[in-house]
Amino acid sequence: MTSTHAPAVLVEGLHKRYGAKRAVDGLDLRVEHGEIVAVLGPNGAGKTTTVETLEGFRRADAGHVRVLGEDPATAGRAWRSRIGVVLQDNHDLAEITVREVVHHFAGFYPAPRDPERVIDAVGLRPKASTRVRGLSGGQRRRLDVALGVVGDPELLFLDEPTTGFDPQARHEFWDLVERLRLDGTTVLLTTHYLEEAERLADRVVVVADGRVVAEGAPADLGGRQARRARVRWTADGVTHEEATDAPTALVARLAAHLAGPDGEVPGLQVLRPTLEDVYLGLVGGDATAASGQEEAA
Ligand SMILES: Nc1ncnc2c1ncn2[C@@H]1O[C@H](COP(=O)(O)OP(=O)(O)OP(=O)(O)O)[C@@H](O)[C@H]1O
């Protein structure tokens, strides 16, 4: 077993260039055992390069990388059997059936999950006897996830796992990841779906231009200031707005002083920035961190 003192993933000062392009430029990352960490970032930020370096598929130019205590560049088969990988590009296994491929992959691992239960867990039971070639895009993605988890990995990498899923499949996938969490699986995922990060991740790491620009629990990302609620109300035809850490107390004061005969404060709204607002503010996509499409709470 792994020492529980060392993190599952430790990256310090990772650099990777492709020609003149600095794809990863001094990235630091730490994932504790049992944690679910979501890496967010715009297209080309360096997420896949980082994850594929952690999986041992790409070589770092510089930096210290340890995954389950080993350097992925030199780790062997025993190490590989302890990680699960769901890549962004799925590989074609067109002519064999879902059942055959899941059983086949299970045979690569010393202590796999029951392949039939994995087929159930990813919702492919009705397609178990279908050739891979006959699956839809979303069903193929589910198969990728099945192949990533059938080895019962300690650490699972999911690179944009729900791209192409319909909303129901996405929710089913999230339930599957929640069950993996209960089993103690550590998960590092990349995603472009803020809702996915918010739903699954203990911690979100935002990457831009090959570096980490922010990290924290989904509810804390961007710091307290960016997360303050704003209370809006109307008095004498003028709209007022106040940012506050204690919106309930402010609303109570407004109610005591400004409520009309119907008990309502005119124009009252409590606005909280969403994770998407904060994210867009961080990566410079939009200045909505302070004035965007907030959730009315
Ligand atoms: N094999 C390669 N050869 C040359 N350039 C590459 C290669 N792989 C990635 N890049 C470049 O490195 C940068 C980072 O790419 P990467 O795929 O890591 O980003 P990403 O954050 O995963 O993006 P996306 O969200 O679009 O998947 C991009 O500018 C990309 O064009």
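Definitions and cut-offs
- Residues numbered from 1 in each chain as written.
- Predicted model: local features only at pLDDT ≥ 70, side-chain atom pairs only at ≥ 80, totals over all residues.
- Core = buried A, V, L, I, M, F, W, Y, C linked by C-beta atoms within 7 Å.
- Buried ≥ 20, exposed ≤ 12 C-beta atoms within 10 Å, placed from the backbone.
- Domains from an automatic or database assignment.
- Contact = placed C-beta atoms within 7 Å.
- Axes fitted to C-alpha atoms, helices over the stretch in contact; angles between N-to-C directions.
- Helix = DSSP H or I, 4+ residues; strand = E, 2+ residues; numbered from the N terminus.
- Parallel < 35°, antiparallel > 145°, perpendicular 65-115°, else oblique.
- Left-handed = near helix turned anticlockwise from the far one by under 90°.
- Nonpolar A, V, L, I, M, F, W, Y, C, P; charged D, E, K, R; others polar.
- Pairing = 2+ DSSP bridges.
- Near = placed C-beta within 6 Å.

An unreviewed UniProt entry annotates the protein as ABC transporter related protein originating from Cellulomonas flavigena.

Q: Any chance you could explain the nonpolar core here in plain terms?
A: Proteins that are soluble and globular tend to have nonpolar side chains buried together. Counting residues in hydrophobic clusters, the biggest one holds 64 residues, and the most contacted among them are A38, V102, A146, F157 and L188. Summarising the domain contributions, this core has at least three residues from each of domain 1 (9–216) and domain 2 (225–296). Beyond its immediate sequence surroundings of up to four residues, A146 is in contact with V102, V118, I119, V122 and L124.

Q: Would you explain the packing of helix α3 (residues 98–106) against helix α5 (residues 137–149) in this entry?
A: The description of two packed helices rests on the angle between their axes and on the distance between the axes. The contact between α3 and α5 brings their axes to 9 Å, and the two run at 25°. If you check the angle between α3 and α5, you find them roughly parallel. Handedness of the crossing formed by α3 with α5: right-handed. Where α3 approaches α5, its residues V98, V101, V102 and F105 are matched on the opposing element by L143, A146 and L147. Classifying every residue of the contact of α3 with α5 gives 7 nonpolar, no polar and no charged.

Q: I tried to follow the sheet that holds strand β1 (residues 9–18) on my own but got confused; where do I start?
A: To summarise the sheet geometry, strands pair through backbone hydrogen bonds and adopt either a parallel or an antiparallel arrangement. With antiparallel pairing, the 3 strands of this open sheet are ordered in space as β2-β1-β4. The open sheet terminates on both sides in strands that have one partner only, identified here as β2 (21–31) and β4 (62–67). The average undirected angle you get between the axes of adjacent strands in this sheet is 25°. Bridging between β1 and β4 involves 5 bridges; their strand directions are antiparallel. Residue pairing in the sheet places L10 in a bridge with R66 of β4. This element, helix α1 (residues 47–54), spans β1, β2 and β4 of the sheet and lies at about 120° to β1.

Q: How do you make sense of the domain arrangement of the protein when you look at a structure like this?
A: In many reports, interface size means the accessible area that the parts give up when they come together. Assigned domains within the protein: domain 1 (9–216) and domain 2 (225–296). Taken together, the contacts link 10 residues of domain 1 with 6 residues of domain 2. Counting only elements with at least two residues in the side of domain 1 that touches domain 2, the list comes to α7 (194–200), β8 (203–208) and β9 (211–216). For the side of domain 1 that touches domain 2, the leading source of residues is α7, giving 3 residues.

Q: I would appreciate a short explanation of the site of the ligand in the present structure.
A: Within the structure, the ligand sits among Y18, K21, A23, G41, N43, G44, A45, G46, K47, T48 and T49. When residues of the shell around the ligand are traced back to their parent elements, those giving at least two are β2 and α1. By residue number, the principal contributor to the shell around the ligand is α1, which donates 3 residues. Tallied by class, residues from the shell around the ligand come to 3 nonpolar, 6 polar and 2 charged.

Q: Would you take a moment to explain the sheet that holds β8 for this structure?
A: Strand order in the open sheet formed by 6 strands is β5-β6-β7-β3-β8-β9, with mixed pairing between adjacent strands. Where the open sheet ends on each side, the last strands, each with one partner, are β5 (83–86) and β9. With strand direction ignored, the average angle separating the axes of adjacent strands in the sheet is 15°. Pairing analysis gives 4 bridges linking β5 to strand β6 (residues 155–159), with the strands arranged parallel. Residue pairing in the sheet places I83 in a bridge with L155 of β6. Packed on one face of the sheet, α5 meets β5 and β6 and runs near 170° to β5.

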